[in-house]
Amino acid sequence: DVFQNQQLLGLFFSINVAFLLGLSDDAYDTKPLIKLGSQILCGIILVNTGNEIMLFDQEWLNYSLTILWVVGIMNSINMLDNMDSITTTTSIFIILTILGISLPFSFVNNVHLFLIITALGALCGFLLFNWNPAKMFMGDTGSQFLGIFLAAISIKYLWNHQPQYVDQSVGQQISIVLATFVLPISDTTTVVINRIARGQSPFVGGKDHTTHHLSYLGLSDSQIGFVFIGISIISLMLVVGAVKFVEIWTWVHTLIFVGYTLLIFGILFTITKISGGKKDEEN
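Everything numeric here is computed off the predicted structure, so don't read it as measured data.

Draft legend 1. Local environment of the pattern of salt bridges. The tally for this structure, following the rule as stated, stands at 3 salt bridges. The salt bridge partner of arginine 198 is aspartate 208, with a shortest N-O separation of 2.8 Å. Of this pair, arginine 198 sits in the loop between helix H8 (182–197) and helix H9 (210–216) while aspartate 208 sits in the loop between H8 and H9, and the two are 10 residues apart along the sequence. Beyond isolated ion pairs, a larger network of salt bridges with shared partners links Arg195, Arg198 and Asp208.

This is the structure in structure tokens:
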């Protein structure tokens, strides 16, 4: 019974909070502290309904990491929504990666699978109108919804993924999460570092994202979309390949994945330094 599934109810309640937060932000430009409080509430709801990350022996560390992850991904997906199709395509490949490592899966009483496939279908349909030149935009309502949805399903299928052949290791957990979310993590980290270095608040909008700097180098919005798709495909193949074909996870595999994540971040961060540095503009 769906209504007796505590984890599923936690997902539904947190998604509703995120949706209302995004709707309020689109309509009334919600203050940053209210947004942060609502995002923390989403994390607390997940923690109290059994949707926490299982990484440490101490539960309080798992709870803290879960809330930090939820807040981070909700903000990352929201910040990534700064150019036509970028958030949509990135989210599609994150979901495809989760589906790829979950194969083979049971279709019987698998509500999460139904929700994931439904979200994937909705995003693919939306992409037809969101690709440059976009005719539809998701706004904060869509990006906040996507942020909590991706954060929640990644907890279940990435952070807490149970390999078929080997015991789960901390190195593997962190590695597949970093590679899957490399684009939103890299973009947000780059923006935060650059804004703090300029003495600017990270919460103030501006045209200083990695996508904008690729545009300053001369790429069109569509070309930037294809760049992000290309990186997403590489990430998908790395994660699915590692989960399906690596039977013994060693420090070498962790080093490869962390190195890949740092490489993508380093390239995108460097681009922001050599792109000509157009001055930030308020969104």
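Draft legend 2. Representation of the packing of aromatic side chains within the structure. Taken as a whole, this structure holds 6 aromatic pairs when the rule is applied. Their ring planes at 85° and their centres at 5.4 Å tell us that tryptophan 69 and tryptophan 159 sit as a pair that is edge-to-face. One end of the pair, tryptophan 69, is in helix H3 (residues 59–80); the other, tryptophan 159, is in helix H6 (residues 139–159), with 90 residues separating them in the sequence. The two residues tryptophan 69 and tryptophan 159 agree in class, both being buried. Three or more aromatic residues joined by ring pairs make a cluster, and in this case those are Trp69, Trp159 and Phe181. We note lysine 156 situated over the ring of tyrosine 157; from NZ or CZ to the ring centre the distance is 5.7 Å.

Draft legend 3. Highlighting the confidence of the model for the protein chain. Scored by pLDDT, the protein chain has a mean of 89; 92% of the residues are at 70 or more. Across residues 278–283, where pLDDT falls below 50, the model places 13 contacts with residues more than four positions away in sequence or in other chains.

Draft legend 4. Seen up close, empty space enclosed by the protein. Summed over all chains, the structure comprises 2 cavities of 30 Å³ or more. Estimates place the volume of the largest cavity at around 70 Å³. Forming the boundary of the largest cavity are Thr90, Phe93, Ile94, Thr97, Ala179, Thr180, Val182, Leu183, Pro184, Ser232, Ser235 and Leu236. Within the residue set of the lining of the largest cavity, elements represented by two or more residues are helix H4 (86–102), helix H7 (170–180), H8 and helix H10 (221–245). In terms of residue count, the dominant contributor to the lining of the largest cavity is H4 (4 residues). Here the residues of the lining of the largest cavity are counted per class, giving 7 nonpolar, 5 polar and no charged. The computed volume of the second largest cavity comes to approximately 50 Å³. Residue lining of the second largest cavity: Leu11, Leu46, Asn51, His112, Ala152, Ile153 and Lys156, and that is the complete set.

Draft legend 5. Focus on the side chain of asparagine 78. Topologically, asparagine 78 is positioned in helix H3. Among the polar contacts made by the side chain of asparagine 78, one reaches the side chain of serine 143 at a distance of 2.8 Å. Setting aside residues up to four positions removed in sequence, asparagine 78 forms contacts with Lys35, Asp140, Ser143 and Gln144.

Draft legend 6. Representation of helix H2 (residues 32–47) in the model. For H2, spanning 16 residues, the distance from its first C-alpha to its last is 23 Å, which sits close to the expected 22 Å at 1.5 Å a residue. Along H2, the residues classified as buried are Lys35, Ser38, Gln39, Cys42, Gly43, Ile45, Leu46 and Val47. In the core, the buried residues of H2 are packed alongside helix H1 (6–28), H3 and H6.

Draft legend 7. Representation of unusual backbone geometry within the structure. The amide bond that connects asparagine 132 to the next residue, proline 133, takes the cis arrangement and shows omega of -5°. In this structure, proline 133 sits in the loop between helix H5 (111–130) and H6. Even without being a glycine, aspartate 29 presents a positive backbone phi close to 55°. By secondary structure assignment, the location of aspartate 29 is in the loop between H1 and H2. One non-glycine residue with positive phi stands out, namely serine 85, at about 75°. Following the sequence through the fold, serine 85 ends up in the loop between H3 and H4. Using a relative accessible area of 1% as the deciding quantity, one classes serine 85 as buried.

What counts and what doesn't
Residues numbered from 1 in each chain as written. Predicted model: local features only at pLDDT ≥ 70, side-chain atom pairs only at ≥ 80, totals over all residues. Heavy atoms only, no water. Salt bridge = Lys/Arg side-chain N within 4 Å of Asp/Glu carboxyl O. Helix = DSSP H or I, 4+ residues; strand = E, 2+ residues; numbered from the N terminus. Phe/Tyr/Trp six-rings, centres within 6.5 Å; stacked < 30°, edge-to-face > 60°. Buried < 20%, exposed > 50% of the residue type's maximum accessible area, 1.4 Å probe, protein only. Lys NZ or Arg CZ within 6 Å of the ring centre and 35° of its normal. pLDDT = per-residue confidence, 0-100. Contact = heavy atoms within 4.5 Å. 1 Å grid on protein atoms, 1.4 Å probe; cavity = no way out; pocket = protein on both sides within 12 Å on 5 of 7 lines; lining within 4 Å. Points joined across faces, edges and corners; volume = space filled by probe spheres on them. Nonpolar A, V, L, I, M, F, W, Y, C, P; charged D, E, K, R; others polar. Polar contact = N/O pair within 3.5 Å; in protein donor to acceptor, adjacent residues only side chain to side chain. Expected span 1.5 Å × (residues − 1).

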